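# Commentary on secondary and tertiary structure
Listed below, chain by chain, are the residues.
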Amino acid sequence: MNTEDLIRDALRRQADLAPPPGPVLAALHRPRRRRKPLYLVLATAGTAAVVAIAATTFSRPTADAPPAGSNRPPFSTVTGSPSPTGVPSGKLVSLEYAPTWLPDGFVEWRRSLFDHGWQRTWRQAPPDHSPSAPALTFEITRGSIGSLLESADEPANRTTVNGAPGVYTDDGLRWQVADKLVLTVNLDNVPDARGTIRRIAESVRPDRRQIRVPVSFGGSTRFTVSANSRDDWTASTDVSYRDGRYMAMLHSVAHVGSSPRTVTALGREASYEEAGGGVLTIPLAPDRFLSVGGLGLSGFQQPVPVETLTEVAALVEVDLGVDLSWLGV
Amino acid sequence: MTTSFEDFAAGQVTPLLRYATVLTGDPHLAQDVVQECLLRAQQRWARIGGLDAPGAYLKRMVTNEFLSWRRRFKVHSTLTGIDPPTPDPAGRYDERDAMLRRIARLPRKQKAAVVLRFYEGYDDAEIAAVLGCTQGTVRSHISRALSTLRAADRVKEAL
């Protein structure tokens, strides 16, 4: 593969990490969302995720893994029939590490679990998501910082964190906490932040708490939870199925387009919007909606038929009792 | 007839998010940038909606945000500066992520030119329109960027 083809391949891979469009669209309509329904558009591609929705009530479990025999609500899965038939999967993932000290006023608004590790973001409340606002990011990444240490152009940038080799970057501190495990603290838009960054980094401790993946497809544990407030959040995952890619989103605020059509999906009255490529929204429970659409490369595509999106929705697994006790905390 | 802002945003948000993710190297930062640009466009839609290519205008807004915010756009994506734990059998993981790390270290305008050429498929004239420079400057950006990116391959081969 020549250099130019490798560049194209690498950039396409990076593009696949793009976040879902729902939260951005929600923010555009936020002041009017109670009077005018939001418009969630997911450009469509070809995979269907099955969403199993349990008709059970849900509560908000703690972040700790439940002991055996606990009364914690089961992971809720949606099947293609009105009554759940699937076996709940309830994938649990560990937080692995977490900072135990944060600057005053920073609260957590976003969590992402990628194939290569975690990324968590704290901002000052109420959340200001503009790029100029102060933001703290903590990342856990599989890999090593060997080459970064070698290329550190100033000795002052090399350091240790609790004895582990590390290096200062422009806005943060990155260190090798264990073999093939790198931790990173970044603090953006805060002047003279190096001291604060070091204090945060030195406060990081192993965190064995486990949480349930809020939305999943095909056993994947990739997800992102982001929020505009504690009652307006979205949990999403990307779906690769057959020859196409989709986005599945569990969200707390109804997103209804400008010209929705009522359809039946998975035994429920749902909403289908053709504009923008097609999106299917299925109400699962009070303040719980599942939206499925495709990931495309450009807008104004032919809408994906509702039947295809229903197939996709039938394969997605969601946790209606998703633990969001960390939001805004 | 001018497209409504809602329809425009619905159709453009995903490609803008993908573009911004490639440009910034950070999906979360990309979301913030695109959200801010769309909010500004919403306020000015009476004018922007009447343009021949409002989508291209939004892309320029996103690009200008990236070019103008030096410190706040420092790339610290999870993959930058971190060597993968193991190479995948075909070596593609190694190569792609190594290339992403090299692209991330390019000067800002060179990086934008590379993204517009190799991700968006723009020609010199289109890149010049987005970056607000001459086509000659575009060719210079691309040439220098490729020289840097190919030099790393030559070093790797020599080893």
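Everything numeric here is computed off the predicted structure, so don't read it as measured data.

## So, the packing of helix H1 (residues 5–24) of chain B against helix H2 (residues 27–43) of chain B
Residue and element names in this part refer to chain B. In contact at an axis separation of 8 Å, H1 and H2 are set at 145° when each is read in the N-to-C sense. The two elements H1 and H2 meet at a crossing, and its hand is right-handed. Residues Phe 5, Phe 8, Val 13, Leu 16, Leu 17, Ala 20, Thr 21 and Thr 24 of H1 touch H2, and the partners they reach there are Pro 27, Leu 29, Ala 30, Gln 31, Val 34, Leu 38, Ala 41 and Gln 42. When grouped by side-chain class, the residues that make up the contact of H1 with H2 number 12 nonpolar, 4 polar and no charged.

## Observations regarding the confidence of the model for chain B
Residue and element names in this part refer to chain B. When pLDDT is averaged along chain B, the result is 81; 78% of the residues meet or exceed 70. Within chain B, no element has a lower average pLDDT than helix H5 (residues 92–104), which sits at 79, and none a higher one than helix H6 (residues 108–118), at 94. Considering only residues more than four positions removed or in separate chains, one finds that residues 70–78, a stretch of pLDDT under 50, has 37 contacts. Scored as a whole, the predicted complex attains pTM 0.67, and scored at its interfaces, ipTM 0.87.

## Observations regarding the packing of aromatic side chains
All names here are of chain B. Tallied over the entire structure, the rule returns 4 aromatic pairs over all chains. Between Phe 5 and Phe 8, the ring centres sit 6.4 Å apart and the planes meet at 40°, which makes this aromatic pair tilted. One end of the pair, Phe 5, and the other, Phe 8, are both in helix H1, 3 residues apart, so they sit about a helical turn from each other. Per residue, the accessibility class of Phe 5 equals that of Phe 8, and both read buried. The interplanar angle of 40° and the centroid separation of 4.7 Å between the aromatic rings of Phe 8 and Trp 45 together place this pair among those described as tilted. With a gap of 37 residues between them, Phe 8 in helix H1 and Trp 45 in helix H3 (residues 45–48) connect regions that are remote in the sequence. Just as Phe 8 is buried, Trp 45 falls in that class too.

## Side note on the nonpolar core
Residues and elements named next belong to chain A. Ranked by size, the top nonpolar core spans 63 residues in total, and within it Trp 175 and Leu 280 carry the most contacts. Formed jointly, this core draws a minimum of three residues from each of two domains, domain 1 (18–91 + 213–329) and domain 2 (94–207). Not counting residues up to four positions away in its chain, the partners in contact with Leu 280 are Val 263, Ala 265, Ala 270, Ser 271, Tyr 272, Leu 290, Ser 291, Val 292, Val 306, Leu 309, Thr 310 and Ala 313.

## A few points about H1 of chain B
Because an α-helix packs 3.6 residues into every turn, residues spaced three or four apart end up facing the same way. Residues and elements named next belong to chain B. Along its 20 residues, H1 runs just 25 Å from first to last C-alpha, ending more than 12% under the 28 Å computed at 1.5 Å per residue. Approximately 40° is the largest bend angle found in H1, and it occurs at Gln 12, with the proline Pro 15 only one to four residues beyond. Counting buried residues along H1, 19 of its 20 residues qualify, which places the element largely inside the surrounding structure. Gly 25, located one to two residues past H1, shows a positive phi value of around 80°.

## Some remarks on the pairing of strand E13 (residues 244–251) of chain A
Residues and elements named next belong to chain A. In terms of burial, E13 is largely enclosed, as 8 of its 8 residues are buried. Of the two faces of E13, the one lined by Gly 244, Tyr 246, Ala 248 and Leu 250 and the one lined by Arg 245, Met 247, Met 249 and His 251 are each fully buried. Pairing geometry for strand E12 (residues 232–241) and E13, over 8 bridges, is antiparallel. Bridging across to E13, Ser 236 finds its partner in Met 249. Linking two consecutive strands that pair antiparallel, namely E12 and E13, is a turn of 2 residues; a positive phi of about 55° is found at Arg 242 within it. Of the pairings in the sheet, the one linking E13 to strand E17 (residues 288–294) comprises 6 bridges and is antiparallel in character. Within E17, the position partnered with Ala 248 by the bridge is Val 292.

Definitions and limits used
- The written sequence of each chain sets the order in which its residues are numbered from 1.
- Going through the entries in the order they are written, you letter the chains from A and number the ligands from 1.
- The predicted nature of this model means local features are confined to residues of pLDDT at least 70 and side-chain atom pairs, given and counted, to a pLDDT of 80 or more, with totals for whole chains, interfaces and linings taken over all residues.
- To get the side-chain values, all heavy atoms of the structure are used, and hydrogens and water are removed first.
- Angles run from 0 to 180 degrees between N-to-C directions of axes, and those axes are lines fitted to C-alpha atoms, restricted for helices to the stretch in contact.
- In DSSP terms, a helix is any run of H or I states spanning at least four residues, a strand is any run of E spanning at least two, and both are numbered starting from the N terminus.
- Whether a crossing is left-handed or right-handed is set by the direction in which the near helix is turned from the far one by less than a right angle, anticlockwise for left-handed and clockwise for right-handed.
- We call two residues contacting when some pair of their heavy atoms lies within 4.5 Å.
- The residue classification treats Ala, Val, Leu, Ile, Met, Phe, Trp, Tyr, Cys and Pro as nonpolar and Asp, Glu, Lys and Arg as charged. All others, Gly included, are polar.
- Summary of the metric used: pLDDT quantifies the predictor's per-residue confidence within the range 0 to 100.
- Paired rings are identified among Phe, Tyr and Trp, the last through its six-membered ring, by centres lying within 6.5 Å, and are further divided according to the angle between planes into stacked (under 30 degrees), edge-to-face (over 60) and tilted (the rest).
- With a 1.4 Å probe rolled over the protein chains alone, any residue whose accessible area is under 20% of its type maximum counts as buried; one over 50% counts as exposed, and the rest are partly exposed.
- Joining through side-chain atoms within 4.5 Å is the link that ties buried Ala, Val, Leu, Ile, Met, Phe, Trp, Tyr and Cys residues into a set, and such a set is a nonpolar core.
- By convention here, the domain bounds are inherited from an automatic or database domain assignment.
- The span one expects for a helix is its residue count, reduced by one, times 1.5 Å.
- Consider a residue and the seven residues that end there alongside the seven that start there; fitting an axis to each set, the bend is the angle between those axes.
- At least two DSSP bridges between two strands are required for those strands to pair.

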